[in-house]
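Remarks on the overall topology
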Amino acid sequence: MTTALIMGYSNFDLGLFNEKDIRLKIIKKAIRRDLESLAEEGINWLVFTGDLGFESWVLDVANEMKEEYGFNLATIFDFERTGKIGMKRISLNLANLSR
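Remember, it's a predicted structure, so these values are computed and weren't measured experimentally.

1. Examining the sheet that holds strand β2 (residues 45–48)
Read from one edge of the open sheet, three strands run β1-β2-β3, paired in parallel fashion. The open sheet is flanked by β1 (3–6) and β3 (72–75), the only strands paired with a single partner. For this sheet, the mean inter-axis angle between neighbouring strands, taken without regard to orientation, is 25°. Direction of pairing for β1 relative to β2: parallel, over a ladder of four bridges. Across the sheet, residue A4 finds its bridge partner in β2, namely L46.

2. Quick word on the pattern of salt bridges
When the charged atoms of two side chains with opposite charge come close together, those side chains can pair. On inspection of all chains with the given rule, the structure shows four salt bridges. Here R32 ties to E64 by a salt bridge, and the two come within 2.7 Å at their closest N and O atoms. Highlighted residues: R32 in helix α2 (residues 22–40) and E64 in helix α3 (residues 54–69), separated in sequence by 32 residues. We classify E64 as exposed; its relative accessible area is 56%. Notably, a salt bridge pairs D34 with R33, separated by 3.6 Å at the nearest N-O pair. Classification of D34 by relative accessible area gives partly exposed; the value is 41%.

3. Side note on α3
Its axis deflected by about 40° at N63, α3 carries its strongest bend there. Positive phi appears at G70, one or two residues downstream of α3, with a value of about 70°.

4. Considerations on the pairing of β2
Across four bridges, β2 lies against β3 in parallel orientation. In the strand pairing of β3, W45 is matched with N72. Handedness of the crossover joining β2 and β3 through α3: right-handed.

5. Describing the nonpolar core
L35, L46, F48, F71 and L73 are the most contacted members of the largest nonpolar core, which totals 18 residues. Of all elements in the fold, only β1, α2, β2 and α3 reach the threshold of two or more residues within this core. Of the residues forming this core, the biggest block, six residues, is contributed by α3.

6. Some details on the packing of α2 against α3
Where α2 contacts α3, the axes come no closer than 9 Å and their chain directions differ by 50°. Of the possible angle classes, the one that applies to α2 and α3 is oblique. Note that α2 runs across α3; the crossing there is right-handed. Touching L24, I27, K28, I31, R32, L35, E36 and A39 of α2 are F54, W57, V58, D60, V61, A62, E64, M65 and Y69, all from α3.

Cut-offs and rules
- Residues numbered from 1 in each chain as written.
- Predicted model: local features only at pLDDT ≥ 70, side-chain atom pairs only at ≥ 80, totals over all residues.
- Heavy atoms only, no water.
- Pairing = 2+ DSSP bridges.
- Helix = DSSP H or I, 4+ residues; strand = E, 2+ residues; numbered from the N terminus.
- Axes fitted to C-alpha atoms, helices over the stretch in contact; angles between N-to-C directions.
- Salt bridge = Lys/Arg side-chain N within 4 Å of Asp/Glu carboxyl O.
- Buried < 20%, exposed > 50% of the residue type's maximum accessible area, 1.4 Å probe, protein only.
- Bend = angle between axes of the 7 residues up to and from the residue.
- Right-handed = clockwise from strand over helix to strand, strands pointing away.
- Core = buried A, V, L, I, M, F, W, Y, C linked by side-chain atoms within 4.5 Å.
- Parallel < 35°, antiparallel > 145°, perpendicular 65-115°, else oblique.
- Left-handed = near helix turned anticlockwise from the far one by under 90°.
- Contact = heavy atoms within 4.5 Å.

Below is the structure:
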């Protein structure tokens, strides 16, 4: 079992506030490329902390690739911050984990 902890900038840090932003399409394409490389190296677990931005975009792409690459997904919360920001988006992402 090989695991990768997924962490990165929030959407606020990057100034990306709209899911239809063209930059997000480019970012997700790069994420897909990197996840393919990780899968080839034997990564089978992706662990998230539930933050918005990069992590949620990786989760979106990983869910699309889940069947093809056999990714297992998990979330470990930083309980001090979880209820303070983006709980609705985090809840939606968690619901996606069970797909």
